[in-house]
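Structural characterization, general
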Amino acid sequence: MTTSLVEVRGARKVYEHEGRSLEVLKGIDLTIEAGEMVSIVGLSGAGKSTLLHLIGTLDLPSEGTVKLDGRDVTAMSSSALAALRNRTIGFVFQFHHLLPEFTALENVMMPGMIHGGIARAQLKETATRLLREVGLEHRATHRPGELSGGEQQRVALARALVLEPKLLLADEPTGNLDSANSTAVHTLFHELNRKHGTTMVLVTHNHELARSIPRVITMRDGRIERDERQDAGAPA
Ligand SMILES: Nc1ncnc2c1ncn2[C@@H]1O[C@H](COP(=O)(O)OP(=O)(O)O)[C@@H](O)[C@H]1O
Ligand SMILES: [Mg+2]
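What counts, and where the lines are drawn
- Residues numbered from 1 in each chain as written.
- Chains lettered and ligands numbered in written order.
- Predicted model: local features only at pLDDT ≥ 70, side-chain atom pairs only at ≥ 80, totals over all residues.
- Axes fitted to C-alpha atoms, helices over the stretch in contact; angles between N-to-C directions.
- Helix = DSSP H or I, 4+ residues; strand = E, 2+ residues; numbered from the N terminus.
- Parallel < 35°, antiparallel > 145°, perpendicular 65-115°, else oblique.
- Left-handed = near helix turned anticlockwise from the far one by under 90°.
- Contact = placed C-beta atoms within 7 Å.
- Nonpolar A, V, L, I, M, F, W, Y, C, P; charged D, E, K, R; others polar.
- Buried ≥ 20, exposed ≤ 12 C-beta atoms within 10 Å, placed from the backbone.
- Pairing = 2+ DSSP bridges.
- Core = buried A, V, L, I, M, F, W, Y, C linked by C-beta atoms within 7 Å.
- Near = placed C-beta within 6 Å.

**Let's talk about the packing of helix α5 (residues 149-161) against helix α6 (residues 179-196)**
For the pair α5 and α6, the least separation of the axes is 9 Å and the interaxial angle reads 20°. One way to sum up the angle between α5 and α6 is to call them roughly parallel. Viewed along their axes, α5 and α6 form a crossing whose handedness is right-handed. Along the contact surface, α5 presents Gly149, Gly150, Gln153, Arg154, Leu157 and Leu161, while α6 presents Asn181, Ala184, Val185, Leu188 and Leu192. Residue composition of the contact of α5 with α6, grouped by class: 6 nonpolar, 4 polar and 1 charged.

**Considerations on the pairing of strand β6 (residues 89-92)**
Regular strands place their side chains on alternate faces of the sheet. Going residue by residue along β6, you find Ile89 and Phe91 tucked away on one face and Gly90 and Val92 tucked away on the opposite face as well. By the bridge criterion, 4 bridges tie β6 to strand β7 (residues 167-171) in an arrangement that is parallel. In the sheet register, Ile89 faces β7, and the bridge partner there is Leu167.

**Describing the sheet that holds strand β3 (residues 37-41)**
Judged by pairing direction, the sheet is mixed, and its 6 strands sit side by side in the order β6-β7-β8-β3-β9-β10 without closing on themselves. A strand with exactly one partner marks an edge of an open sheet, and here the two such strands are β6 and β10 (223-229). Taken over all neighbouring pairs, the strand axes of this sheet differ in orientation by 15° on average, direction set aside. The pairing of β3 with strand β9 (residues 215-220) spans 4 bridges and is classified as parallel. From the neighbouring strand, Val41 faces β9, where its bridge partner is Thr218. In the packing of helix α1 (residues 48-55) onto the sheet, the strands contacted are β3, β7, β8 (199-203) and β9, and the crossing angle to β8 comes to about 155°.

**Observations concerning the nonpolar core**
One finds Ile40, Ile55, Val108, Leu131, Ala158, Leu169 and Val201 to be the most contacted residues of the largest nonpolar core, which totals 59 residues. A per-element tally of this core places α5 first, with 6 residues. Apart from the residues lying within four places of it in its own chain, the contact partners of Leu169 are Leu52, Ile55, Gly56, Ile89, Phe91 and Val201.

**Considering the site of ligand 1**
By nearness alone, every residue bordering ligand 1 is listed as Tyr15, His17, Leu22, Val24, Gly42, Ser44, Gly45, Ala46, Gly47, Lys48, Ser49 and Thr50. When residues of the shell around ligand 1 are traced back to their parent elements, those giving at least two are β1 (6-17), β2 (20-32) and α1. Looking at the shell around ligand 1, the element that brings in the most residues is α1, giving 3 residues. The class makeup of the residues in the shell around ligand 1 is 4 nonpolar, 7 polar and 1 charged.

**A word on the sheet that holds strand β4 (residues 63-68)**
Overall, antiparallel pairing links the 4 strands, which are arranged β2-β1-β4-β5 in an open sheet. Each edge of the sheet is formed by a strand with only one pairing partner; in this case those strands are β2 and β5 (71-72). In the sheet, β4 pairs with β5 via 2 bridges, with the strands oriented antiparallel. Looking across to β5, one finds that Lys67 is bridged to Asp72. On the sheet, α1 packs against β1, β2 and β4 and is oriented at approximately 125° with respect to β1.

Structure representation (structure tokens):
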């Protein structure tokens, strides 16, 4: 029997707010295989970020299970969960959250420094290669304030990949970029998915860009409304 990378079963998420419960996810079943590239689309408030957080083990479901690589994360201790997350998952958010006082290269190296156990020379080599892959080798010694929004997001993408995660989760990674930069960043996601085989789940409300992704999951009001595979190529 093969194990899927992500298995969400019967996941519900309920928030208590001012004495009332708000059901934000109303029973999600979702399987994602290693190497897939998936987008999650839907109106604001549909539950996209909440679902991404469950997949990323940043939050746990109120009911149901989430399995990563066959391991039920809802049954793990928070320290085991943090270790699994660090080893398995890279995150890219709408706002890049780069550290302003460090260079681009140091920002990319940062998860490895925090993680520990990786020789600095090796880490630097990996980070340099990733900066090259996102087209920013020549900006390695620049600080975030000296980079454009698109360049900063490309640094954040390189940083998310430095520990070679199996799964990359991105929440509206181009939400803050103009259309030329959005297209460039999306093209990079495709290239990195092909090159590294990294499984990618991207929340986006950019329909143009979602159309380039082979599998599109549409959420509506806390449920998966559609789960479609399309014949998509990377944007030209
Ligand atoms: N911590 C929270 N407490 C209460 N309600 C929340 C919380 N987080 C999200 N929500 C609500 O859950 C719903 C879905 O949010 P979210 O997953 O962020 O949607 P999306 O990313 O699709 O815009 C929204 O109505 C939001 O207000
Ligand atoms: Mg969101």
